[in-house]
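Tertiary structure, described
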Amino acid sequence: MKASFFKIFLAILFIFQGFFNGNYISAQTVEDSLLNVVRTSADDSVIVTTYLTLCDFKTYNDTKKAIEYADKALAIAQKTKFYLGVARSYERLGNAHFQLGENTLAAENYLKAREANKQVGDYEIEGSILYNLGNIQFELGNYEKSTEYATEAGEVFLSHNDSIGYGATLYMISGNYGSTGNYDQAIKATLEALGIFQRQNVRAWEIFSLDKLVELYNVQKQYNKSLEILKTSLAYRRNNNNEKFTAITYRMLGDIYLELKDFEKARVALDSSFYLNDTRGFEQEKIKTMYSQGKLEFETEDYNMALSIFEEGLQLSNKLNDELFKCSNYLGIGKCLFKKAEYSEAIKNLSRCIDHAKNIDDDSKLSEGYLVMSEAYEALNQPGRALDNYKLYAQFNDSVIANENKRQFAEMASKYEAEKKEQQISSLQLEKETMQTNKRRVTGLWILTSIIALLIVSILVLAYRKNRQLLANEKELDKIKSRFFANISHEFRTPLTLILGPVHDLLQKKETQPFQGELKMVKKQADRLLALINQILDLSKLDAGKYRLHITSGDFVAMLKSTVLSFHSLAETKNIRLGVKTDRNEFMANFDRENVETIINNLLSNAFKFEPEGGVIEVGMNSDDVEKTNRVQIRVTNSGSYIPPELCDNLFDRFYQSEHEQKAGKGTGIGLALTKELVELHGGKIEVKSSKENGTRFFVTLPTNLSVTDPDEIATQKVSTLQPVSEENEVSKITVTDSKTKIGVPVILIVEDHPEVSSYIQSVLQADYQIETAMNGKEGIERALELVPDVIISDVMMPEKDGIEVTHTLKNNELTSHIPIILLTAKASVENRLEGLGAKADAYLTKPFNAGELQIRVKNMLDARDKLREKYSRELIIKPNNLVVKSLEEVFIEKICQIIEDNMGNEEFTVEELAGKIGLSRSQLHRKLEATTGKTASQFIREYRLERARGLIEKNVGTIAEISYQVGFNNPAYFNKCFKEYFKITPGELRNSLNLQLL
């Protein structure tokens, strides 16, 4: 019988091993010799065969070159109609593409080889093609289809008495059974294949089969059978001088003897493993062997020896930073100390074990650690702590049992699914079509979103540059003046917030209906206070050259009478006779209505302050010479007050109060100062005259021929070229109605130096949120970095650091850059808003604020963060580099991803290591990741690995098991479980869904 392709495969494999070990001539010499045959031969069939030999020679170490040689063989074979060469060339191309993980191309070439082979009828090519098609299906996780191909290949080999080929198909079938949890059938097929390889003396396939049996028997805990196989594997590996795998086999033997309580044999095996690991420097394996030795001494009750071994193992695990064996050795030390009645020391080491077990999510170690700790506390006569730890033991022990039940259920489910083959294929086909449709939709949506994002970013960049240019034109003197007046207004707005906020709340409640009149009076007076504060801000604008006139045409007389009419109620209350005298019933003029109304209001307010009861206040208008002068004069007289001439000139000084005003507690010195500024801004002038006979009279002369302006244009010489954003003067009346309790209450940090304001904000928000406070900007920054809250509400004017500094510091820190910040302040001017927004504040509320608006702002910010968190959870796990403009959150996530990427293959990479590399504590990293992605640190690492695994599976870069190791999972079964829980589909099912189109 001629040698099958499996014998040829093994021969080539061993030749390559010889090249790599230096036992044969160099690979380049062999390649040159074969190429020389190509150059010197005149026989096309010899040339084709030689090229195919070169292809086989290069498939596993230079696959691209192998494809090149196969293509050359194919071209010559097709040209000369050498059909056997055509079939073999396509087969070799399939092998090369499969080696590269290009399953689609591999399958296409195998099918072409099968078609070409119809002209030849070579059974080896037919069987090889079917076997390789089954291999592709196995890699894709389509185990039923893989079994069909393997069975068909087996029938081909059997019909030609090729037992080795048939044995290889049985090996593949056993793998399919094992992958679906059908262990009995898997063992049966493996044993049959093993018998064939032993009879044919094919040693490599025999060892493959033995390793498969050990894997299957260990799953079923049939340790006696595993022992026999391991002894055979040990002899084979010792004969081949494979010292590392010999040491591993010794350890596996020792662990099984330990399970069987055969301590002497366990000791011999483990000592042999330790010797090889120690002398050859296999430190990672040495840790594992030492832990097994420690367990052996513990089981034989030599606690001092066990303690010594565990402590030495802990030192080595610390050196290698092996989190798993740090945990294991601390557990061993704690158990030994407990047995030696050193309970306090035992508890210390068990606590360290539990800390490490939490890092690696090892419920088994947590369960055992809590149990021993409970017993230690009981021995120390601390029943309360003993009970607490026993409860934790029970909790994690239940988790371990639940995981085992899940595994058993998964095995049952896989058997059930195997019985529904046709239904599954139809379902997967439909799923594939749905996924393709969804993929097209997602692609279109992604493109549209990217375009919109680019437009938004472009607009924001242009707006930012424009604002920077505008702000650069500000003069330093204007900034100093504006800041001075804003500081004063802050002192008014803080108490005003504490008045208007609660009053507004009380007015909304039914219980306060009997007090509506009094409450409305309080609100009215508070609004009056707000008007005074706005006057101060108007002064600030005037000094900075930003107060704008909006000149319109209107009836000056009607405006004057309407403004005076608003004071009639006050006049009746104080029993003052208020009158208006005008020399015309109607007079059309061009003026700034709001500006002139403010002037008259301030003059009347001043008159009412100092006019006694029973007095007379008169407002008059004189327009006799208006046609010549284009000016009109307004006169405000209060008969009962007198100002000495030497003091009249001081009336328009800011914050000036006469001795009488100071004693009476009247006036602030703001209204008349603002009036004078507004009159001069309007192009007019103001004078005051006072006498004991006629009282005090104010004369205001204003131009009436000003040009009507567009509201958006600057109309006076004192206004700068800046055009600030218009301010909102009305506070939203929206109230929060959604008060559903959420799992995980959001944390709000209030940074406010005024205790009463801080207390009021807390009362508004504490029903729905967890509140934390800080008394100044410096403390606020420290608390924010410590807590990483969900929202920060900060005053602007504070000691240590102001709100702008707080915002700038936190928004430029990776740990806190994602936190929405609301600036709450009396500094309500456009310049202050621009300053706050320039520091990247998310909202700017002016005191006094509306409680409902504050609640809805906080709620909207939390909702926005939730949407952003969903975005990062979906988009930033694998592809953060696709972003056009990267925020600090995105840069932070990218750093996290890069660190995980650098440690992708390190199965013992921990959350502590990640936090240390990024420069944060474990809790800070947890809060930051949870806020930006909605995931814990350990969950983020695991899901990142799973996302990477999915990408590798989709690219067909290796087997499922290889990919699981590549992304840091040391147990393919656990990898399959995690993958299914995350993607709702097993890795094999994913490959199957991506590859159905091949068939």
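See the structure shown above.
So, here's what we can say about the structure. A quick note: this is a predicted structure, and the numbers were derived from the prediction, not measured. (Residues numbered from 1 in each chain as written. Predicted model: local features only at pLDDT ≥ 70, side-chain atom pairs only at ≥ 80, totals over all residues. Heavy atoms only, no water.)

**Description of the packing of helix H7 (residues 123-139) against helix H8 (residues 143-159)**
- Contact geometry of H7 with H8 gives a least axis separation of 7 Å together with a crossing angle of 165°. Looking at the two axes, H7 sits roughly antiparallel to H8. Crossing hand, H7 versus H8: left-handed. Between H7, through Tyr123, Glu126, Gly127, Ser128, Leu130, Tyr131, Leu133, Gly134, Gln137 and Phe138, and H8, the contact on the second element is made entirely by Tyr143, Lys145, Ser146, Tyr149, Glu152, Ala153, Val156 and Phe157.
- Residue classes in the contact of H7 with H8 are distributed as ten nonpolar, five polar and three charged. (Axes fitted to C-alpha atoms, helices over the stretch in contact; angles between N-to-C directions. Helix = DSSP H or I, 4+ residues; strand = E, 2+ residues; numbered from the N terminus. Parallel < 35°, antiparallel > 145°, perpendicular 65-115°, else oblique. Left-handed = near helix turned anticlockwise from the far one by under 90°. Contact = heavy atoms within 4.5 Å. Nonpolar A, V, L, I, M, F, W, Y, C, P; charged D, E, K, R; others polar.)

**Digging into unusual backbone geometry**
- For Lys81, which is not glycine, the phi dihedral falls at a positive 55°.
- Checked against the element boundaries, Lys81 lands in the loop between helix H4 (63-79) and helix H5 (83-99).
- You will see that Asn630, though not glycine, has its phi angle at about 55°, which is positive.
- Among the structural elements, Asn630 can be located in the loop between helix H27 (626-629) and strand S5 (631-638).
- Judged by relative accessible area, Asn630 falls into the partly exposed class, the value being 31%. (Buried < 20%, exposed > 50% of the residue type's maximum accessible area, 1.4 Å probe, protein only.)

**So, the packing of helix H18 (residues 343-359) against helix H19 (residues 363-379)**
- Two elements in contact, H18 and H19, have axes separated by 9 Å at closest approach and are oriented at 160°. On the basis of the axis angle, H18 is roughly antiparallel to H19. When you trace H18 past H19, the crossing you get is left-handed. Of the residues in H19, those touching H18 at Tyr343, Ile347, Leu350, Ser351, Cys353, Ile354, Ala357 and Lys358 are Lys365, Leu366, Gly369, Tyr370, Val372, Met373, Ala376, Tyr377 and Ala379.
- For the contact of H18 with H19, the residue count by class is 13 nonpolar, two polar and two charged.

**Notes on the sheet that holds strand S4 (residues 616-622)**
- Spatial strand order, S2-S4-S5-S7-S6: five strands in an open sheet with mixed pairing. Every interior strand has two partners, whereas the edge strands, strand S2 (577-582) and strand S6 (685-691), have only one. With strand direction ignored, the average angle separating the axes of adjacent strands in the sheet is 15°.
- Relative to strand S7 (residues 695-703), S5 is paired through eight bridges, and the arrangement is antiparallel. What sits directly across from Ile634, in S7, is Val700. (Pairing = 2+ DSSP bridges.)

**Overview of H4**
- End to end, H4 covers 24 Å across 17 residues, agreeing with the expected 24 Å (1.5 Å per residue, within 8%).
- Looking at H4, one finds that the buried residues are Thr63, Ala66, Ile67, Tyr69, Ala70, Ala73, Leu74 and Ala77. In an axial view of H4, the angular spread of the buried residues amounts to 165°, which keeps them on one side of the axis. Away from its buried face by more than 90 degrees, H4 exposes Lys64 and Lys79.
- Among the residues trailing H4, Lys81 stands out with phi positive, at a value near 55°. (Expected span 1.5 Å × (residues − 1). Arc of directions from axis to C-beta.)

**Examining the environment of Ile643**
- With respect to the helices and strands, Ile643 occurs in the loop between S5 and helix H28 (645-648).
- As for Ile643 and Ser690, which are separated by 47 residues in sequence, their C-alpha atoms are 5.6 Å apart.

**Some words on H5**
- Taking 1.5 Å per residue as the helical rise, H5 with its 17 residues ought to reach 24 Å, and the 24 Å between its terminal C-alpha atoms agrees with that figure.
- Along H5, the residues that are buried comprise Gly85, Val86, Ala87, Ser89, Tyr90, Glu91, Arg92, Leu93, Gly94, Ala96 and His97.
- Buried residues along H5 sit in contact with helix H3 (44-58), H4, helix H6 (103-117) and H7.
- Downstream of H5 by a residue or two, Gly101 has a phi angle that is positive, lying close to 80°.

**Looking at the packing of aromatic side chains**
- This structure, assessed with the given rule, holds 17 aromatic pairs.
- A centroid spacing of 5.8 Å and a plane angle of 15° characterise the contact between Tyr370 and Phe396, whose relative ring orientation is stacked. With Tyr370 in helix H19 and Phe396 in helix H20 (residues 383-418), this residue pair connects regions lying 26 residues apart in the sequence. For the pair shown, Tyr370 and Phe396 are each scored as buried.
- An angle of 45° between the planes, with centres 4.7 Å apart, marks the rings of Phe979 and Phe983 as tilted. Remark: Phe983 and Phe979 occur in helix H41 (residues 972-983); sequence separation between them is four residues, near one turn of the helix.
- Among the aromatic residues, those joined into a ring-pair cluster are Phe969, Tyr974, Phe975, Phe979, Tyr982 and Phe983.
- Sitting over the face of the ring of Tyr149, Lys145 holds its NZ or CZ atom 5.6 Å from the ring centroid.
- Taking NZ or CZ as reference, Lys212 lies 5.7 Å from the ring centre of Tyr171, over its face. (Phe/Tyr/Trp six-rings, centres within 6.5 Å; stacked < 30°, edge-to-face > 60°. Lys NZ or Arg CZ within 6 Å of the ring centre and 35° of its normal.)

**A word on a nonpolar patch on the surface**
- Residues Ile452, Ile456 and Leu460 make up a contiguous nonpolar surface patch of roughly 280 Å² in combined accessible area.
- By the secondary structure assignment, Ile452 is in helix H21 (residues 421-472).
- Relative accessible area serves as the criterion here: at 42%, Ile452 is assigned to the partly exposed category. (Patch = residues over 30% accessible without salt bridge, like charges linked within 9 Å, V, L, I, M, F, W, Y side chains within 5 Å. Areas by Shrake-Rupley, 256 points an atom, 1.4 Å probe, with all protein chains shown as cover. Salt bridge = Lys/Arg side-chain N within 4 Å of Asp/Glu carboxyl O.)

**Side note on the pattern of salt bridges**
- According to the stated counting rule, one finds 40 salt bridges in the structure shown.
- Glu68 serves as the salt-bridge partner of Lys72, at 3.6 Å between the closest nitrogen and oxygen. On the criterion of helical spacing, the pair formed by Lys72 and Glu68 is a turn pair, its members being four residues apart in helix H4.
- Taking relative accessible area as the criterion, Lys72 reaches 35% and is therefore assigned partly exposed.
- One salt bridge connects Arg948 with Glu901, and the closest N-O pair in it is separated by 2.6 Å. One end of the pair, Arg948, is in helix H39 (residues 937-955); the other, Glu901, is in helix H36 (residues 888-902), with 47 residues separating them in the sequence.
- One salt-bridge network, held together by shared partners, links Arg251, Asp255, Glu285 and Lys288.

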